[in-house]
Protein chains: 2
Amino acid sequence: MRNFYSIFSFLIFITEFKISQSDGGYLTFGPQFRATVGEVWPKPYRQVKSDKFYAVNSSDFQFVAVNKNCALLRAALTRYSKIIAATANGNFSTPATTNFAIIRKFRVNLTQSCESLPHLDMDESYYVRGDGVVRADSIWGILRGLETFVQLLVPMSNGLLLTRRTEIYDQPRFKYRGLMLDSARHFVSKAKILQLIEGMAYNKLNVFHWHMTDDSAFPYVSSVFPELSAKGAYRPELTYSKADVLEVVKFARMRGVRVVPEFDTPAHTASWGASHPEIMTKCAGKFEGQIGPLNPTKESTFDFLYKLFSEIKTLFPDKYLHLGVDEVDSACWESNADIQDYLKAHGLDNGDLPYRYLERYSANISAMGWLQMVWQEAMIENSYMEWPKGTIAQVWFDYKKTMATLTKKGHDVIMSDGWYLYVLDTGADWEKLYNVEPTDFNGSKAQMAHVIGGEACLWSEWINEHNVLSTTFPRVSAIAERLWSPVEELSVDEARLRLEEHNCRLMARGIEARPANGFGLC
Amino acid sequence: MRNFYSIFSFLIFITEFKISQSDGGYLTFGPQFRATVGEVWPKPYRQVKSDKFYAVNSSDFQFVAVNKNCALLRAALTRYSKIIAATANGNFSTPATTNFAIIRKFRVNLTQSCESLPHLDMDESYYVRGDGVVRADSIWGILRGLETFVQLLVPMSNGLLLTRRTEIYDQPRFKYRGLMLDSARHFVSKAKILQLIEGMAYNKLNVFHWHMTDDSAFPYVSSVFPELSAKGAYRPELTYSKADVLEVVKFARMRGVRVVPEFDTPAHTASWGASHPEIMTKCAGKFEGQIGPLNPTKESTFDFLYKLFSEIKTLFPDKYLHLGVDEVDSACWESNADIQDYLKAHGLDNGDLPYRYLERYSANISAMGWLQMVWQEAMIENSYMEWPKGTIAQVWFDYKKTMATLTKKGHDVIMSDGWYLYVLDTGADWEKLYNVEPTDFNGSKAQMAHVIGGEACLWSEWINEHNVLSTTFPRVSAIAERLWSPVEELSVDEARLRLEEHNCRLMARGIEARPANGFGLC
């Protein structure tokens, strides 16, 4: 029992002596905050701790699929076997203990056949026992459970990993937990996108929203309209091929991460106009010489969109397409003589223009079999539009009012207000992100049920290849916990030392994260 | 002449159509700010432009040392030959032109023998002619001139490089242009330190101030006291060996960058106490149980410092050592009974304690042949201390008052107030850094002459391996221009498009910089 008590005392020690800065006094040496040991991020729904410890030898263990199996599961077990090796080389360690029983078999019990595609209503619940059990009904639950199981393992200074017989019953609070990347304002390489998605899986995030195009650039290389990127990308090599897209989608799928594409229209399309001026609106009057949103009065606009999105549909298997529809300014439409002639001829007025666009476009997208997401303006500004059932609004400003309005009308919403990652501040600004609560608005219980999650947004004005990962991690981890864990257990003060551990864990696995909490090892 | 006019028109074009955002209107596609073409950063003292253009083939040119030569020069020519190749693959390009005369020989005219060590008063002036002349009296001027010469080269889309017969007469405004790295609060690998120094040279910065140790960690592996890092580093592998230090110093020297070490005392030494509690002060009373600064009343403290700094002296050949001496709180000293006994026995009082420390320590350092730098408190709080001639104060807060006070007493000062790079803000915050002017205080002309430069500071609470480069570049470029270029020509609006080009240039050479100015290619 000697060793049991020594490790137990150690765990007590690190819980009590958390902070090396004495109150108003002199610093001691070492990190500012001492990381927890073997705690899970995001915090599980329910965890029963025990004082029974075990050891794992990172070169002598085996995952065994004791029930259903499939390619997704086999790939995950290979992946997590490698992660265990990386964990053993990690940058944080407990004192060595040698006489805990070594566990060698981890039983993975998947009770239902694998689904092949992650989806909005997938079952991510699971059960984990720290001495070697991961059980779930769905493959998605197994993926989340494997992540949790491996997080329990802590490297000891003798090279073995420490774990304990804790029991975890877990499931997410929200079903939509996303990260958006804008790959138009700055190009981000496929390699970095894959690392982003890898890091998402380590935080149990489940939607990669790919804001592919914008005014500044059109980096997707289309087969049907190759001129879009040939003329609209920053440079020919700053583009994504179909093969790149397929690789990203597969990589994400293997990790239970959906990929929702967005080719934003009808505004934010200047780059489309570089090769297809005929679908754009020529402004007159005050904006003479400028080019405005897609022209909603031309058949050719919708023909073009139909062809382009038919191709896009073949690459992105998710049920949802994000239509965009943010920041649509109708002044240019209203200044254009042809558009005015069209309105007169059809007995319409300027107020009909956005509907003219949205109704045609949305119907086409529905006909292709897609469900839809939109930025909040699409619903707020066009309040008579009948959106297809299941359309989700993404809320990015004025959230208290917007959430209340949209959920009252029965729309599902996700939260992004306050979660724009390019907004920087000195210090531990994950705390601000952590404290954004998507249900913090006035509404009934029924309204709250329409809040289905949230999404961190990497708009890339200030983000490129070189800082995308350190801007994202560990800040997005704060958002991931807000969206996964029971709301009544969320506390910055409780989370701080777990985040310190989790950030070291991310780095040990190769994620280029920035410091979380001031000076320290990671 | 046709091609001459076409490229000339192009250069005019990019000057006039800088910004893709129309005033209050619709965005056009492409980058937010269009980079200049072949402009120099930092802006030279004097440049005479010409309309005579030439081309360079990156696989068919030669630097020829037509006068003095030495190992430093040979290494620089090899380095800049490689950089020209990298430039040809860069991420910005002008339209292709084919019928400019191709220049193949770049004449490097060093008129005086090489010095081996960069130093505070080195001559960095040079002359460059864009069609292939770099001339300077000193090797340091040649290094700065080579950097300028290569910055004039712009990749064309046909793979050739464009340059023109411009003449540049250049010299720095300030002789001390530094970057400080704190390698104690987070460890930064040798590889990243070398990249930092490489990037410094690309910005004509000339002092790497290595804040090696602090309360949190002692990462330097000493031979005479190996226990300092064995017990005081975060982990055994998060350390710098003597060989690492020598490599950094050599790498910097080859680029005309001095390395000024700082092993901060008498405060900020908690990590020293991990292995050498006998040189520390045990606090009593209010701070009972805590450990304060080095004990200034024990001979053994000074014996220890003498041994340690004798070793350090062998690794850092620069004439200057930074003593630190920031944030020394004497409350712990005053609470210690042994120290009080000592004071009584020697007829001293608490006010003598800092002098007791500084006089002994500074005299030892002088005896070793070192000149000294200190943080401002060392001079402001200990105003009777007689510092050795040439001691430089580093000003980091309350600069208007501090600069005025210290320069009036005849001390040389460098500016760091406002240049702490961990202070983050959303967006183009290089502009704020750019507008910090070291001479912006009330004082005579003689006082102004005591402002010898400035230094950006990478305190590493929020900086680690993964974000150190993107936090530094291109933000430090703004500070580099403030310190190099004629003050009357400094303008954020004029600098913006040059910085956009310079940042792309840094990236083309492998520096992991963040975006400078919003959306764009780099």
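Residues numbered from 1 in each chain as written. Chains lettered and ligands numbered in written order. Predicted model: local features only at pLDDT ≥ 70, side-chain atom pairs only at ≥ 80, totals over all residues. Heavy atoms only, no water.

### Here we look at the UniProt feature "active site" (unreviewed entry) in chain A
Residues and elements named next belong to chain A.
- UniProt records the feature "active site" (unreviewed entry) at Glu327, using the numbering of this structure.
- Among the structural elements, Glu327 can be located in the loop between strand 15 (320-324) and helix 9 (331-335).
- On the basis of relative accessible area, Glu327 is assigned to the partly exposed category, the value being 44%.
- When residues no more than four places from it in sequence are discounted, the contact partners of Glu327 are Ala267, His268, Glu377 and Trp396.
- Engagement of the side chain of Glu327 in a polar contact is seen with the side chain of His268, the distance being 2.7 Å. (UniProt positions renumbered as here; feature names shortened; annotations may be inferred. Helix = DSSP H or I, 4+ residues; strand = E, 2+ residues; numbered from the N terminus. Buried < 20%, exposed > 50% of the residue type's maximum accessible area, 1.4 Å probe, protein only. Contact = heavy atoms within 4.5 Å. Polar contact = N/O pair within 3.5 Å; in protein donor to acceptor, adjacent residues only side chain to side chain.)

### Examining the domain arrangement of chain A
Residues and elements named next belong to chain A.
- Looking at chain A, the domain boundaries give domain 1 (46-170) and domain 2 (176-490).
- Computed from C-alpha coordinates alone, the two centres of domain 1 and domain 2 are separated by 35 Å.
- Taken together, the contact between domain 1 and domain 2 spans 20 residues of the former and 20 residues of the latter.
- Summed over both sides, the interface between domain 1 and domain 2 buries roughly 1,700 Å², with carbon and sulfur atoms accounting for 58% of that surface.
- Counting the contacts that link domain 1 with domain 2 gives one salt bridge.
- Residues Glu124 and Arg177 are paired through a salt bridge, measuring 2.7 Å at the closest nitrogen-oxygen approach.
- Remark: the boundary between domain 1 and domain 2 carries nine residue pairs in polar contact (both at pLDDT 80 or more).
- When residues of the side of domain 1 that touches domain 2 are traced back to their parent elements, those giving at least two are helix 2 (71-88) and helix 3 (139-151).
- Ranked by residue count, the leading element in the side of domain 1 that touches domain 2 is helix 3, at six residues. (Domains from an automatic or database assignment. Buried area = accessible area lost by both parts, 1.4 Å probe. Salt bridge = Lys/Arg side-chain N within 4 Å of Asp/Glu carboxyl O.)

### Remarks on the UniProt feature "domain: Glycoside hydrolase family 20 catalytic" (unreviewed entry) in chain A
- Feature annotation in UniProt assigns "domain: Glycoside hydrolase family 20 catalytic" (unreviewed entry) to the following positions: residues 174-486 of chain A.
- Helix makes up 39% of residues 174-486 of chain A and strand 18%, whereas the separation of the span's terminal C-alpha atoms amounts to 10 Å.

### Concerning the side chain of Arg482 of chain B
Residues and elements named next belong to chain B.
- With respect to the helices and strands, Arg482 occurs in helix 17 (residues 475-484).
- A polar contact of 3.3 Å, which involves the side chain of Arg482, links it to the backbone oxygen of Val436.
- Contacts of Arg482, omitting those with residues within four sequence positions, involve Arg173, Phe174, Trp419, Tyr434, Asn435, Val436, Glu437, Pro438, Val487 and Leu490.

### Overview of helix 17 (residues 475-484) of chain A
- Burial of helix 17 of chain A is extensive: ten of the ten residues sit out of reach of the surface.
- Taken residue by residue, helix 17 of chain A has Arg475, Val476, Ser477, Ala478, Ile479, Ala480, Glu481, Arg482, Leu483 and Trp484 of chain A as its buried positions.

### Some words on the interface of chain A and chain B
- Residue-level contacts link 63 residues of chain A with 63 residues of chain B.
- Both sides together, the interface formed by chain A and chain B hides about 4,500 Å², and carbon and sulfur atoms give 61% of it.
- Here chain A and chain B share zero salt bridges between them.
- On inspection of chain A and its partner chain B, the count reaches 22 residue pairs in polar contact (both at pLDDT 80 or more).
- Counting only elements with at least two residues in the side of chain A that touches chain B, the list comes to helix 5 (227-232), helix 7 (270-273), strand 14 (291-294) and helix 9 of chain A.
- The greatest single-element share of the side of chain A that touches chain B, amounting to three residues, is contributed by strand 14 of chain A.

### Side note on unusual backbone geometry
- Cis rather than trans, the peptide bond between Thr265 of chain A and Pro266 of chain A has omega equal to -5 degrees.
- One non-glycine residue, Lys204 of chain A, lies in the positive phi region at around 60 degrees.
- Within the secondary structure, Lys204 of chain A is located in the loop between helix 4 (190-202) and strand 11 (207-213).
- For Val325 of chain B, which is not glycine, the phi torsion reads 65 degrees and is therefore positive.
- Mapped onto the secondary structure, Val325 of chain B falls in the loop between strand 15 (320-324) and helix 9 (331-335).
- What makes Val325 of chain B buried here is its relative accessible area of 4%.

### Re the relation of the copies chain A and chain B
- Rotating chain A by 180 degrees about the axis while translating it 0.0 Å along that axis superimposes it on chain B, leaving an RMSD of 0.0 Å. One copy is carried onto the other by what is essentially a two-fold rotation axis. By C-alpha distance to the rotation axis, the residue of chain A lying nearest is Asp425 of chain A, at 2.8 Å.
- Here 100% of the interface residues in chain A have copies in chain B that are interface residues too; the copies meet face to matching face. (Least-squares fit on C-alpha atoms with pLDDT ≥ 70 in both.)

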